[in-house]
Amino acid sequence: MKKILTVVVILAALLAGGWFAVEKVFRGGDVYYTQITTNGKYEENKTDSGEIVDDYSYNQPGYNANGEKVQLEFNGNKPRPLKRNAYLAVVLKNETVRSWKQVSKADVPKKALAKLRK
């Protein structure tokens, strides 16, 4: 019984470690904060099947928790512009935006918020 429990614990630890490694390598990155101040640039994209997809692209500054600036280029991936004045947390890795999500103003670090207000 102890051997089975030991094997189960070891397997669980390996799975958890593997999961965190995959998250770090493939989904991780640095978080920058930005505020949507424009409607973005409208784009019509075609899928492989020929379907036309509406999208909006954005090119604007973002700031990390220390107030360091970086230029962010990303798509809204929606058929309409993103909500104006919305705050976004953007995950950036190797100068490529991996993902973004809308956050509340209270979730934006103070140094980044101070830079966004300028």
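Notes on the structure follow. (Residues numbered from 1 in each chain as written. Predicted model: local features only at pLDDT ≥ 70, side-chain atom pairs only at ≥ 80, totals over all residues. Heavy atoms only, no water.)

**Concerning the overall build of the protein**
Then step 1. Across its full length, the protein carries 2 helices and 6 strands.
Then step 2. Along the chain direction, N to C, the helices and strands of the protein fall in the order α-β-β-β-β-β-β-α.
Then step 3. In summary, the protein has a C-alpha radius of gyration of 20 Å against a globular reference of 13 Å for 118 residues, an excess of more than 25%.
Then step 4. Over its C-alpha atoms, taken along the principal directions, the protein stretches across nearly 65 × 45 × 25 Å.
Then step 5. Counting only residues that meet the buried cut, the protein has 28% of its 118 residues in that class.
Then step 6. Residue pairs in contact within the protein that sit at least 24 positions apart in sequence constitute 49% of those at least 6 positions apart. (Helix = DSSP H or I, 4+ residues; strand = E, 2+ residues; numbered from the N terminus. Rg over C-alpha atoms; globule rule 2.2 N^0.38 Å. Buried < 20%, exposed > 50% of the residue type's maximum accessible area, 1.4 Å probe, protein only. Contact = heavy atoms within 4.5 Å.)

**Digging into the nonpolar core**
Buried together is how nonpolar side chains tend to be arranged in soluble globular proteins.
Then step 1. Core analysis: the largest hydrophobic core is formed by 11 residues, namely Y32, I36, Y56, Y58, L72, F74, L82, L88, V90, L92 and V97.
Then step 2. Elements represented by at least two residues in this core include exactly β3 (52-63), β4 (69-75) and β5 (87-93).
Then step 3. Once residues lying within four places of it in the same chain are set aside, the contact partners of Y58 are I36, T38, N39, G40, L72, E73, F74, G76, P81 and L82.
Then step 4. Within the second largest apolar cluster, 9 residues are counted, among which are Y33, A89, V108 and A112. (Core = buried A, V, L, I, M, F, W, Y, C linked by side-chain atoms within 4.5 Å.)

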